[in-house]
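# Results of the structural survey
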Amino acid sequence: MSSMECVIAVHAGAGYQKITKEANYKKICMKACKKGLEVLKNNGSALDAVALATMVLEDSPLTNAGYGSNLTWNGAVECDASIIDGSNMHYGGVGAVSGIKNPISLAKLICENQNLKMSFGRIPPCLLVGIGAHEYAIANNIVAVDPSNLISEKSKKDFVHNKYKVINQKYSNCQAGNPRLDTVGCVGMDKFGNVAASSSSGGILLKQDGRIGQAALLGSGCWAQMSDDVAMAITTSGCGEYLIKTNLAKEMSRHLFTSSCPTIAITKCFNEDFLHSPILKNYNEKLAGALVLYKNKDCCEILSAHTTKSMCIAYATENDRKSFVSRLMANTLPGTSVMVQGYPL
């Protein structure tokens, strides 16, 4: 791979992708990569490409982001999203926002407005939530829709089915079947060597209204950083509360900066800072995933890691494109060990 060949990679969440739906997930991930790659080929920035690829995933009813998101306890769509530009470390995030077709486009605007000069010593916001986020979107011509237009038939059905179960549960610890943890995310690098990362999610099914997950937050949902020798972009997926508590994306960057082998660094991070983290010692199923773009002087690589049953990933460069579902080993319990794979570019 030439030093500045552009690359983009997306994931449709670490969770459980049914084998019957695998082809659909792979297709939407590939579509997102193609859109992002077009931007990069036309000398667009990593930030632009990553945002556009994420929008493709938000618009799909298959994913738990944007249209078709999980519904809150009160039956609403409340989205979280964030994006970070590795070239200047600017970040924009939105949390628990309703009625915005593409939450990532609002996060990107907030990110780009970090440079705005404001009067009276005010500082542009980097994270907006709820009604304030919605008003900021309207004021800046971000596409708003009737909140009910973001509810898909499937999410409505899941909501009714699971809420009924919770209200009528006979066992206080009864578990939902396969929780939809399919947050989406994207990492990319442009022709100028700049990197960016994004995350977007509807959150967990039946979440408390107003709850904010890792997808809105810098350091737990996404991270991108560059030094003279290394560039990296990271996006995470899984149980938001656990990812927030462990600050997983940022911890992973720390491991990656101090190790010469990204596979070892990611494995070490998942084991030390997630699976065996003292912060999570009282929890059983520790579900998470990460998608990483790592480049140093010698190599460029996309890496995936997950403790969930599966994770759907796709990547594209000018010469290569691939989409696939990574699955845990057959006899492994989800939430107990991590599956890490690298794809050299």
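Above this text sits the structure in question.
Residues numbered from 1 in each chain as written. Predicted model: local features only at pLDDT ≥ 70, side-chain atom pairs only at ≥ 80, totals over all residues. Heavy atoms only, no water.

### Structural notes on the nonpolar core
By size, the foremost hydrophobic cluster in this structure holds 52 residues, and its most contacted members are Ile8, Val10, Ile83 and Leu106. If one sorts the elements of this core by residue count, helix H1 (residues 22–41) sits on top with 9 residues. (Core = buried A, V, L, I, M, F, W, Y, C linked by side-chain atoms within 4.5 Å. Buried < 20%, exposed > 50% of the residue type's maximum accessible area, 1.4 Å probe, protein only. Helix = DSSP H or I, 4+ residues; strand = E, 2+ residues; numbered from the N terminus.)

### Remarks on the pattern of salt bridges
All chains considered together, the criterion is met by 12 salt bridges. Put simply, Glu22 and Arg327 hold a salt bridge, and the shortest N to O gap is 2.8 Å. Taken as a pair, Glu22 in helix H1 and Arg327 in strand S12 (residues 321–327) lie far apart in primary sequence, 305 residues in all. Among the salt bridges present, the one from Asp158 reaches Lys154, with a minimum N-O distance of 2.7 Å. Within this pair, Asp158 and its partner Lys154 are both found in helix H5 (residues 153–167), separated by 4 residues, close to a single helical turn. Its relative accessible area of 18% is what places Asp158 among the buried residues. Overlapping salt bridges bring together Glu22, Lys26 and Arg327 as one network. (Salt bridge = Lys/Arg side-chain N within 4 Å of Asp/Glu carboxyl O.)

### A look at a nonpolar patch on the surface
On the surface, Trp73, Val166 and Ile167 cluster together into a nonpolar patch covering about 260 Å² of accessible area. Positionally, Val166 belongs in helix H5. A relative accessible area of 33% places Val166 in the partly exposed class. (Patch = residues over 30% accessible without salt bridge, like charges linked within 9 Å, V, L, I, M, F, W, Y side chains within 5 Å. Areas by Shrake-Rupley, 256 points an atom, 1.4 Å probe, with all protein chains shown as cover.)

### Focus on the packing of helix H7 (residues 248–257) against helix H8 (residues 262–275)
Running from N to C, H7 and H8 point in directions that differ by 135°, and their axes come no closer than 9 Å. Taken together, the axes of H7 and H8 are oblique relative to one another. Relative to H8, the crossing made by H7 is right-handed. The segment H7 lies against H8, with Leu248, Glu251, Met252, Arg254, His255 and Leu256 engaging Pro262, Ala265, Ile266, Lys268, Cys269, Phe270, Glu272, Asp273 and Phe274. (Axes fitted to C-alpha atoms, helices over the stretch in contact; angles between N-to-C directions. Parallel < 35°, antiparallel > 145°, perpendicular 65-115°, else oblique. Left-handed = near helix turned anticlockwise from the far one by under 90°. Contact = heavy atoms within 4.5 Å.)

### Some points on the sheet that holds strand S13 (residues 339–344)
Taken in spatial order, the 5 strands make up an open sheet running S7-S8-S9-S10-S13, and their pairing is antiparallel. If you trace the sheet from one side to the other, it starts and ends with strand S7 (222–226) and S13, each paired once. Ignoring which end each strand starts from, the neighbouring axes of this sheet average 10° apart. Inspection of the sheet shows strand S9 (residues 288–295) paired to strand S10 (residues 300–306) by 7 bridges, in the antiparallel sense. Of the residues in S10, the one forming a bridge with Tyr294 is Glu301. (Pairing = 2+ DSSP bridges.)

### Concerning the pairing of S9
S9 sits mainly inside the fold: 8 of its 8 residues count as buried. Along S9, one buried face is formed by Ala288, Ala290, Val292 and Tyr294 and the opposite face, lined by Gly289, Leu291, Leu293 and Lys295, is buried too. As defined by bridge partners, strand S8 (residues 231–238) adjoins S9 across 8 bridges and the pair is classed as antiparallel. In the sheet register, Ser237 faces S9, and the bridge partner there is Gly289. Counting the residues between successive antiparallel strands, the hairpin from S9 to S10 contains 4 residues.

### Details of the sheet that holds strand S2 (residues 79–85)
Strand order in the open sheet formed by 8 strands is S4-S3-S2-S6-S5-S1-S11-S12, with mixed pairing between adjacent strands. At either end of the open sheet lies a strand with only one pairing partner, and these are strand S4 (127–129) and S12. When strand polarity is set aside, the average angle formed by the axes of neighbouring strands in this sheet is 10°. In this sheet, S12 lies alongside strand S11 (residues 310–317) in antiparallel orientation, the contact comprising 7 bridges. When the sheet's bridge partners are listed, Ser310 is paired in S12 with Arg327. Here helix H2 (residues 46–58) sits on the sheet and contacts strand S1 (7–15), S2, strand S5 (184–189) and strand S6 (195–201); the angle it forms with S5, its principal contact strand, is near 155°. Across the sheet, helix H3 (residues 103–112) touches S2, strand S3 (90–97), S4 and S6, and the angle it forms with S3 is around 140°.

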